[in-house]
Amino acid sequence: MQILEKYKLFFVDRPFTFPGDKTVNMKTAIHRVDNDFLGYFLSRFKDDDSIDEIVSEIDFIISEGFYDPEYCMETYLDFLTMRYTDTSALFEDIDPEQTYLQEIPFSDLKEILFLWKAFLHAAPFDNTIVDKYSEFQYYLKEYESEEEIVSALVKTFHEIDFSLIRTENIGEYRKEFSKAYSNGKNDEFYLTSLYDNNDRMIYEKEENYFNGGSEIIIRKYYFDEQLQYSVELLYDDRGEFSAIEHCNAENPYIHASDMDVIYPGFLSKNPYYKNSDIIP
């Protein structure tokens, strides 16, 4: 992925609502430069055949050792031209003077195209129908700063709601920290989650700051493999186990004081659930 950092590129899934409230996922390439020319270029090629054709032409030029315009077609788009040289692809703006933008070596362009193709094949797929209220989520790469990505997203999509998610592997667990933005501004809502090696969430912490106050809610999730059922455990302000959320509407919680009666030995057999510590 370092090649994307080198060229200031990132790929995103973004819900897009058409007139009539039909919302679909759009695979989008974003180039963090003023004219976004690589983002525009990649976003015009979203099928395997067109991507493979460009790669095949590059491979042919490399094998021949020079560019022969008789066998390889240059690409002309509404606002952009991609011309081949013997060793690279030359991007130019379509205007009377054919303004030079950037020259990219074949090896770099091929790597970018392969990453773009892989992204197109990753769920959710392009034009997948999504809930029109779906929140746009962007997973930060290790080398990306939150400030840089927020600036790029707001500049590209304007006042949208989105979350930035930072992922960290801790042993066999995956930790995710999510920061929410409303209309492009941080609304001070944070979500920390921990997933086990079955990709099942076992820990969740919500932090909501507003009007000088704060609310923090910590939940843990227990899943019984044998009986195939799950329970949600809640914790108080001191980080101590408080209650299990119960499905019974008349008695929605099983409190800590009743645990040994209803679930004898549960906490002693499962010490992770005794307190709100994130790591088992």
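Scroll up for the structure.
Remember, it's a predicted structure, so these values are computed and weren't measured experimentally.

Here is what the cut-offs are and how they apply
- Residues numbered from 1 in each chain as written.
- Predicted model: local features only at pLDDT ≥ 70, side-chain atom pairs only at ≥ 80, totals over all residues.
- Heavy atoms only, no water.
- Helix = DSSP H or I, 4+ residues; strand = E, 2+ residues; numbered from the N terminus.
- Rg over C-alpha atoms; globule rule 2.2 N^0.38 Å.
- Buried < 20%, exposed > 50% of the residue type's maximum accessible area, 1.4 Å probe, protein only.
- Areas by Shrake-Rupley, 256 points an atom, 1.4 Å probe, with all protein chains shown as cover.
- Lys, Arg positive; Asp, Glu negative; His and termini not counted.
- Charge placed at Lys NZ, Arg CZ, Asp CG, Glu CD.
- Pairing = 2+ DSSP bridges.
- Phe/Tyr/Trp six-rings, centres within 6.5 Å; stacked < 30°, edge-to-face > 60°.
- Lys NZ or Arg CZ within 6 Å of the ring centre and 35° of its normal.
- Salt bridge = Lys/Arg side-chain N within 4 Å of Asp/Glu carboxyl O.
- Expected span 1.5 Å × (residues − 1).
- Arc of directions from axis to C-beta.
- Contact = heavy atoms within 4.5 Å.
- Polar contact = N/O pair within 3.5 Å; in protein donor to acceptor, adjacent residues only side chain to side chain.
- Core = buried A, V, L, I, M, F, W, Y, C linked by side-chain atoms within 4.5 Å.

## Side note on the overall build of the protein
Link 1 in the chain: When you go through the protein residue by residue, the secondary structure sums to seven helices and 15 strands.
Link 2 in the chain: Taken over C-alpha atoms, the radius of gyration comes to 25 Å for the protein, far larger than the 19 Å a tight globule of 280 residues would show.
Link 3 in the chain: Overall, the C-alpha framework of the protein stretches about 85 × 40 × 35 Å when taken along its three principal axes.
Link 4 in the chain: Per-residue burial over the protein gives 40% buried out of 280 residues.
Link 5 in the chain: In the form shown here, the protein has an accessible surface area of approximately 16300 Å², with 49% of it arising from carbon and sulfur atoms.
Link 6 in the chain: Between the centroid of the 26 positive side chains of the protein and the centroid of its 57 negative side chains there is a distance of 4 Å.

## Regarding the pairing of strand β9 (residues 173-182)
Link 1 in the chain: For strand β8 (residues 162-170) and β9, the ladder comprises nine bridges, and the chain directions are antiparallel. Residue pairing for β9: T167 is matched across the bridge by E176.
Link 2 in the chain: Counting the residues in the hairpin turn of β8 and β9 gives two residues, including G171, whose phi is positive at 60 degrees.
Link 3 in the chain: Where β9 and strand β10 (residues 185-195) come together, eight bridges link them in antiparallel fashion.

## Notes on the packing of aromatic side chains
Link 1 in the chain: Tallied over the entire structure, the rule returns 17 aromatic pairs.
Link 2 in the chain: Arranged with centres 5.1 Å apart and planes meeting at 70 degrees, the rings of Y272 and Y273 form a pair that is edge-to-face.
Link 3 in the chain: The buried category is assigned to Y273, whose relative accessible area is 7%.
Link 4 in the chain: Site record: aromatic cluster; members linked through ring pairs are F37, F41, F45 and F91.
Link 5 in the chain: R200 extends its terminal NZ or CZ atom over the ring of F223, reaching a point 4.1 Å from the ring centre.

## Some thoughts on the sheet that holds strand β4 (residues 80-84)
Link 1 in the chain: Taken together, the four strands give an open sheet; going across it, the order is β3-β4-β5-β6, and neighbouring strands pair in antiparallel fashion. The open sheet has two edge strands with one neighbour each: β3 (75-76) and β6 (100-105).
Link 2 in the chain: Bridge analysis of β3 against β4 gives two bridges, and the strand direction is antiparallel. Residue pairing in the sheet places T75 in a bridge with M82 of β4.

## Thoughts on the pattern of salt bridges
Opposite charge on two side chains permits pairing when their charged atoms draw close.
Link 1 in the chain: Scanning all chains against the criterion turns up 16 salt bridges.
Link 2 in the chain: A salt bridge links K179 to E146; its shortest N-O distance comes to 2.8 Å. Separated by 33 residues along the polypeptide, K179 in strand β9 and E146 in helix α5 (residues 146-157) bring together distant segments of the chain.
Link 3 in the chain: Assessed through its relative accessible area of 16%, K179 is described here as buried.

## Remarks on helix α3 (residues 48-64)
For an α-helix, 3.6 residues make a turn, and residues three or four places apart therefore share a direction.
Link 1 in the chain: With 17 residues, α3 extends 24 Å from end C-alpha to end C-alpha; this agrees with the ideal 24 Å at 1.5 Å per step.
Link 2 in the chain: All buried positions along α3 are accounted for by S50, I51, I54, V55, E57, I58 and I61. For α3, the angular spread of buried residues about the axis comes to 150 degrees, placing them on one side. Of the residues in α3, the exposed ones pointing more than 90 degrees away from the buried face are D49 and S63.
Link 3 in the chain: Contacts from the buried residues of α3 go to α2 (37-43), β4 and α4 (106-120).
Link 4 in the chain: Looking at where α3 begins, the residue whose side-chain oxygen comes 3.2 Å from the main-chain nitrogen of D49 is D47.
Link 5 in the chain: Where α3 ends, the next residue or the one after it, G65, has phi of about 90 degrees, a positive value.

## Comments concerning the nonpolar core
As a rule of thumb, soluble globular proteins bury nonpolar side chains together.
Link 1 in the chain: Of all hydrophobic cores here, the largest spans 32 residues; its most connected members are F41, L42 and F91.
Link 2 in the chain: Those elements that provide at least two residues to this core are α1 (2-6), β1 (9-17), α2, α3, β4, β5 (88-93) and α4.
Link 3 in the chain: Looking at this core element by element, the count peaks at eight residues for α4.
Link 4 in the chain: Residue contacts for F91: discarding those within four places in its chain leaves F37, L38, F41, L80, T81, M82, T99, Y100, L101, Q102, I104 and L109.
Link 5 in the chain: Formed by 16 residues, the second largest nonpolar core is a distinct cluster that contains Y222, L233, F241 and I244.

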